[in-house]
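# Observations on the model geometry
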Amino acid sequence: MLEKFRNQERLSVQEEERIDRNIRYFILALMGVIIAVLLWIVIAKKPLGSWYYALIITVLAVVWFSKCVLSAILKHSLAQRSDEQVSAYLKGAGLELLSYAGLCWFLVGLNGNGIYGAIAYLIGMTGARKQREAYYQEPGQEEEAGGSDAPEADTGSQEVLPSAQEISDSAESEPGVLPSAESEPGALPSAADRLLREKESEDGSV
């Protein structure tokens, strides 16, 4: 059955958006009906019985089925997908089912431990979101992203400073030309200047 869904043709982006929009409208309409019923119960001061629990469970089950199962069938969500994407979609659907079960636990308040249902809801939704990100990532995008982060070697822009020996040799090859430090008023002599003076003094003493 899974291979049958994977061998289907992928739909266009416009078709997928149209299906998502219709499913979203259906869920919003369903939630609107449920809210209206709950408001009527509160206004009429009707007691909450077993039907309330059945209603909550049924609504959440229908919402999960519409988002994760019906949507995948209509949109061909597994068609032409890699093994990693299929696995991510199935894991995301399972984690989302866990989140809806936790939300149901919280709303029904079984045994007064509704807080645990809220925790299960948060864990399930967080994990499902990460799996959806892995599902929508096309094969090869991770490698391209990793390769683009590597720093590029920049050897052409590095400036090589002359050494003191090169400055001294250039001063000897061009008599009368002193380093730039002496040509500026108030500039302190550099190490190259001192080497040059010592060399001149030694030549003069000889």
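Anything mentioned here points back to the structure above.
In this text, all values refer to a predicted model and were calculated from it rather than measured experimentally. (Residues numbered from 1 in each chain as written. Predicted model: local features only at pLDDT ≥ 70, side-chain atom pairs only at ≥ 80, totals over all residues. Heavy atoms only, no water.)

Turning next to helix α3 (residues 50-75). An ideal rise of 1.5 Å per residue puts 38 Å on 26 residues; α3 measures up with 36 Å between its terminal C-alpha atoms. The largest bend along α3 reaches roughly 40° and is located at Ser66. Within α3, the full set of buried residues consists of Tyr52, Ile56, Val59, Leu60, Val63, Trp64, Ser66, Cys68, Ser71, Ala72 and Lys75. A positive phi of about 55° marks His76, the residue just after α3. (Helix = DSSP H or I, 4+ residues; strand = E, 2+ residues; numbered from the N terminus. Expected span 1.5 Å × (residues − 1). Bend = angle between axes of the 7 residues up to and from the residue. Buried < 20%, exposed > 50% of the residue type's maximum accessible area, 1.4 Å probe, protein only.)

This next bit is on the nonpolar core. If you look at the biggest cluster of nonpolar residues, it comprises 15 residues, and the most contacted ones within it are Ile56, Leu60, Val63, Tyr100 and Cys104. Those elements giving two or more residues to this core turn out to be α2 (13-44), α3 and α4 (83-108). If we ignore the near neighbours within four places in the chain, the residues touching Tyr100 are Leu60, Val63, Trp64 and Lys67. Membership of the second largest hydrophobic core comes to six residues, among which are Val86, Ala88, Tyr89 and Tyr135. (Core = buried A, V, L, I, M, F, W, Y, C linked by side-chain atoms within 4.5 Å. Contact = heavy atoms within 4.5 Å.)

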